[in-house]
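# Structure assessment
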Amino acid sequence: MRIWLDGGLREAESARVSAFDHGLTVGDGVFETVKAVDGRPFALTRHLDRLARSARGLGLPEPDLDEVRRACAAVLEANPMPLGRLRITCTGGQGPLGSDRGDHGPTLLVALGATTRRPDATTVITVPWTRNERGALTGLKTTSYAENVVALARARERGASEALFGNTVGRLCEGTGSNVFVVIDGEIHTPPLAAGCLAGITRALTVEWTGAVETDLPLDVLERADEIFLTSTLRDVQAVHRVDDRELPTAPGPVTTKAMRIFEERAGNDLDP
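First, a word on scope: everything that follows refers to the structure included in this document. (Residues numbered from 1 in each chain as written. Predicted model: local features only at pLDDT ≥ 70, side-chain atom pairs only at ≥ 80, totals over all residues. Heavy atoms only, no water.)

Further remarks concern the layout of surface pockets. For the second largest pocket, the calculated volume is near 380 Å³. In terms of lining, the second largest pocket is formed by 18 residues, of which the most central are K35, R117, D236, F263 and E264. Per-element accounting of the lining of the second largest pocket gives the leading share, five residues, to helix α6 (residues 254-269). Taken together, the residues of the lining of the second largest pocket break down into nine nonpolar, three polar and six charged. (1 Å grid on protein atoms, 1.4 Å probe; cavity = no way out; pocket = protein on both sides within 12 Å on 5 of 7 lines; lining within 4 Å. Points joined across faces, edges and corners; volume = space filled by probe spheres on them. Helix = DSSP H or I, 4+ residues; strand = E, 2+ residues; numbered from the N terminus. Nonpolar A, V, L, I, M, F, W, Y, C, P; charged D, E, K, R; others polar.)

Here you go:
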């Protein structure tokens, strides 16, 4: 396996990041996960735009997106695989052992790992912790992911693949690495960005391609929605067949099935929509 680190390809076994890198010591970094099919990245332009927005929001130097594109192309060429998870990470670089940043410049790391196609339906749980819709990192895709690690571990313990959060005012927000949609009376709804969720790339495409409506939703909508589905880079559109103790035995339902078909067709026709 070969990765890109600070200007060139390296063997993964010998690539090294400083023990004082701010991404390691304080989680001061941003990242993107991009689906790669037969060596070709999906929606890379949208992902790079969000990477730059996240960096600006965190106060990091905006990445050189031409360099990031070169890095992605080099890593994909060096590691051929049918379906991959391309991970782009930009950190604050080497810094002091505290929250203040250093002046060594940022770190850029691009790596690729193999993955498999997700099942058509999955199980989720809700968790008691909340997303802060007014926090300093709200809407940014940062490497400060410990909350998600804890919540996803809870989901795995309970036989689920994802955990869903409400926000501080009890509204439906998002999953640890996914956006959530519900179907009510045949209409697709998803929480607005103001609820505190990440502006997911697959979320945005699903809204555009299916006509889903951004709606401020109570968390208990999960108890009565006709259908529920998740979207993310590696899930695409994935139905939910159980949330907590509630079974949705017909999942994927007809509206979700149509959304899955639309997404697959549109994504197949344009790798950089």
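Still more to cover.
Cis rather than trans, the peptide bond between A251 and P252 has omega equal to 0°. For D6, which is not glycine, the phi torsion reads 50° and is therefore positive. Mapped onto the elements, D6 comes out in the loop between β1 (2-5) and β2 (8-11). For D185, which is not glycine, the phi torsion reads 50° and is therefore positive. The exposed category is assigned to D185, whose relative accessible area is 71%. (Buried < 20%, exposed > 50% of the residue type's maximum accessible area, 1.4 Å probe, protein only.)

The next point concerns helix α4 (residues 146-157). Over its 12 residues, α4 extends 17 Å from the first C-alpha to the last, a length consistent with the 16 Å expected when each residue adds 1.5 Å. Of all the residues in α4, the buried ones are N148, A151 and A155. What you see down the axis of α4 is that its buried residues fit within an arc of 70°, all on one side. Facing away from the buried side of α4 by more than 90 degrees, the exposed set consists of A146, V149, R156 and E157. (Expected span 1.5 Å × (residues − 1). Arc of directions from axis to C-beta.)

With that settled, consider the pairing of strand β13 (residues 227-232). Across the six residues that make up β13, a large majority, six, are buried. Side chains E227, F229 and T231 of β13 all project onto a buried face; the interleaved residues I228, L230 and S232 project onto the opposite face, where all are buried too. Alignment of strand β10 (residues 179-184) against β13, held across five bridges, turns out to be antiparallel. Counted as the bridge partner of V183 is E227 from β13. Alignment of β13 against strand β14 (residues 236-243), held across four bridges, turns out to be antiparallel. Bridging from a neighbouring strand, L230 pairs with Q238 of β14. Count of turn residues in the β13/β14 antiparallel hairpin: three residues. (Pairing = 2+ DSSP bridges.)

Note that I3 resides in strand β1. Since its relative accessible area comes to 11%, I3 is described here as buried. With 170 residues separating them along the chain, I3 and C173 place their C-alpha atoms 34 Å apart. Here I3 is in contact with G8, L9, R10, A12, A15, V75, L109, V110 and A111, once residues within four sequence places are set aside. (Contact = heavy atoms within 4.5 Å.)

What follows is about the packing of aromatic side chains. Inspection of the entire model under this criterion finds four aromatic pairs. Seen from their ring centres, F31 and Y145 are 5.2 Å apart, and the 80° between their planes marks the pair as edge-to-face. Here F31, found in strand β3 (residues 29-37), pairs with Y145, found in the loop between β7 (121-131) and α4; they are 114 residues apart in sequence, far enough to count as distant. Centroid distance F42 to F263: 6.2 Å. Interplanar angle 65°. Geometry classified as edge-to-face. Here F42 is found in the loop between β4 (40-41) and α2 (44-58), whereas its partner F263 is found in helix α6, with 221 residues between them in sequence. Residue class for F42 comes out buried when judged on its relative accessible area of 6%. Here the aromatic residues F42, W209 and F263 are joined through ring pairs into a cluster of three or more. Sitting over the ring of F42, K35 keeps its end group 5.2 Å from the ring centre. Looking at R131, its charged tip hangs above the ring of F165, at a distance of 4.0 Å from the centre. (Phe/Tyr/Trp six-rings, centres within 6.5 Å; stacked < 30°, edge-to-face > 60°. Lys NZ or Arg CZ within 6 Å of the ring centre and 35° of its normal.)

So far we have only geometry, and geometry alone does not tell us how the molecule works.
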